[in-house]
Amino acid sequence: MQEATFLILTALAARSQHGYGIISDVAAISDGRVRLRAGTLYSALDRLRLDGLISVDREEIVENRLRRYYRLTPEGSKQLATEAARFQTNAATAIARLGVADGMAR
Amino acid sequence: MTDAAELERGYRRWTRWYPKTFRREHEAEILAVLMDTAREGQRRPEPAECLDLMTSALSMHLRPRVPRSDRSALNAVKLMYVGAMLELAVAIVILATVADLKANVLRTSPGLTEGEWHAVVIGQLAPLEVGAILSVGFWLWMAWSIGRGHRWARIVFALFFALNISSLLNGLVHGSAVYARPDLAIATLLCLVELASVAVLFRVKIAPSRPGASRISPR
């Protein structure tokens, strides 16, 4: 799973969000490192919908503009959890090995 | 015209690159996001925004609209790309083996004049070369059509396979294999890829058409 996809799914993990909300949340989660553009975001959302990982939650009209809210599907939650667990395991391994390396260097 | 209206018009010009069905469903919300993320006082789309819209629109046109879980349809699309690459290799091999072919033809028909040799090239090799180049386009078209879940694509492809295999067998019966072995080898490989593609395609169940969704799903 690409980082942008992981971050979009993470942004939708707690609540449904519209496009601008996802962009802002992804920037916040990644500490400003990942700044999605509209084209990239909608390309990813289209792919995720096609794969059944997200779905449309509701629509609103705010100041004459359409806001469509997306939410995770149960399959999306499952895949995000699997991916997060994989990252956690890899990170734990990396940290543990770095600890071993530090110990050897000392 | 206000700055916002001018900016929105500018963005609309770029969202026109998206496929019609996608635009119908998502243009309004993409425009809303673009307007929300625009800088204060911005009057025109920035080059990076234009590039982003154009590349994502292009990817919408080209990428298969098949869920990742649908392995059969995705494998069929991949095989179509392999076929396109092999056809390209056929076109290159034909050009690269012209000298071998000439030597073989002259060996079997030593009295052939230069004019008669040119007639062989024009009559046999040129159609093969043009056919190989057209076939590259055909394979890519099939990849796109299957990726879009078009029902007719597998029938068209099966007919293409039948035509190619009969052409190969006909060539073998008439002794063309003695001319250039690389041509025969790559043509055989191509037929095997076609056979695999037909097998994969007919394992795929075509589901009823639904806008924005794949119409092909595994059985």
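The structure under discussion appears in the preceding block.
Quick notes on the rules
- Counting restarts for each chain: residues are numbered from 1 in the order of the written sequence.
- Both sets of labels track the order of writing: A upward for chains, 1 upward for ligands.
- Residues qualify for local features only when their pLDDT is at least 70, as the model is predicted, and side-chain atom pairs are given and counted only at 80 or more; totals for whole chains, interfaces and linings, by contrast, use all residues.
- Computation of side-chain values: all heavy atoms of the structure, hydrogens and water removed.
- Numbering of helices and strands starts at the N terminus; helices are DSSP runs of H or I of at least 4 residues and strands are runs of E of at least 2.
- Burial status follows relative accessibility: with a 1.4 Å probe on protein chains alone, a residue under 20% of its type maximum counts as buried, one over 50% as exposed, and anything between as partly exposed.
- Throughout, a residue-residue contact means that at least one pair of heavy atoms, one from each residue, lies within 4.5 Å.
- Note: buried area is the sum, over both parts, of the accessible area (probe 1.4 Å) each one loses when the two are combined.
- Should a side-chain nitrogen of Lys or Arg be within 4 Å of a carboxyl oxygen of Asp or Glu, the pair is scored as a salt bridge.
- Within 3.5 Å is the distance limit for a polar contact, defined as a pair of N or O atoms, with the added protein rule that one can donate a hydrogen and the other accept it, and that residues adjacent in sequence qualify only through two side-chain atoms.
- Pairs were defined over the aromatic rings of Phe, Tyr and Trp, the Trp ring being its six-membered one, requiring ring centres within 6.5 Å. Orientation was assigned from the angle between planes: stacked under 30 degrees, edge-to-face over 60, tilted for the rest.
- To sit over a ring, a charge needs its Lys NZ or Arg CZ within 6 Å of the ring centre and within 35 degrees of the ring normal.

What about the environment of Arg37(A)?
Turning to step 1, where the next piece is worked out: Position of Arg37(A) among the secondary structure elements: in the loop between α2 (19–29) and α3 (38–50).
Turning to step 2, where the next piece is worked out: The exposure class assigned to Arg37(A) is partly exposed, which follows from its relative accessible area of 35%.
Turning to step 3, where the next piece is worked out: Each residue touching Arg37(A), except ones within four places of it in the same chain, is listed here: Ile23(A), Ala48(B), Glu49(B) and Asp52(B).

What to know about the interface of chain A and chain B
Turning to step 1, where the next piece is worked out: Taken together, the 19 residues of chain A in the interface contact 30 residues of chain B.
Turning to step 2, where the next piece is worked out: Summed over both partners, the interface of chain A with chain B buries about 2,200 Å², with 51% contributed by carbon and sulfur atoms.
Turning to step 3, where the next piece is worked out: Inspection of the region where chain A meets chain B yields six salt bridges.
Turning to step 4, where the next piece is worked out: Among the salt bridges present, the one from Glu29(B) reaches Arg68(A), with a minimum N-O distance of 2.6 Å.
Turning to step 5, where the next piece is worked out: For the pair chain A and chain B, the number of links is 16 residue pairs in polar contact (both at pLDDT 80 or more).

Thoughts on the packing of aromatic side chains
Turning to step 1, where the next piece is worked out: Scanning the model with the defined rule gives nine aromatic pairs over all chains in all.
Turning to step 2, where the next piece is worked out: With a centroid separation of 6.3 Å and 10 degrees between ring planes, the pair formed by Trp14(B) and Trp17(B) is classed as stacked.
Turning to step 3, where the next piece is worked out: For Trp17(B), a relative accessible area of 46% translates into the label partly exposed.
Turning to step 4, where the next piece is worked out: Through successive ring pairs, a cluster of aromatic residues spans Phe138(B), Trp139(B), Trp141(B), Trp152(B), Phe157(B) and Phe160(B).
Turning to step 5, where the next piece is worked out: Taking the ring centre of Tyr69(A) as reference, the NZ or CZ of Arg58(A) above it sits at 3.9 Å.

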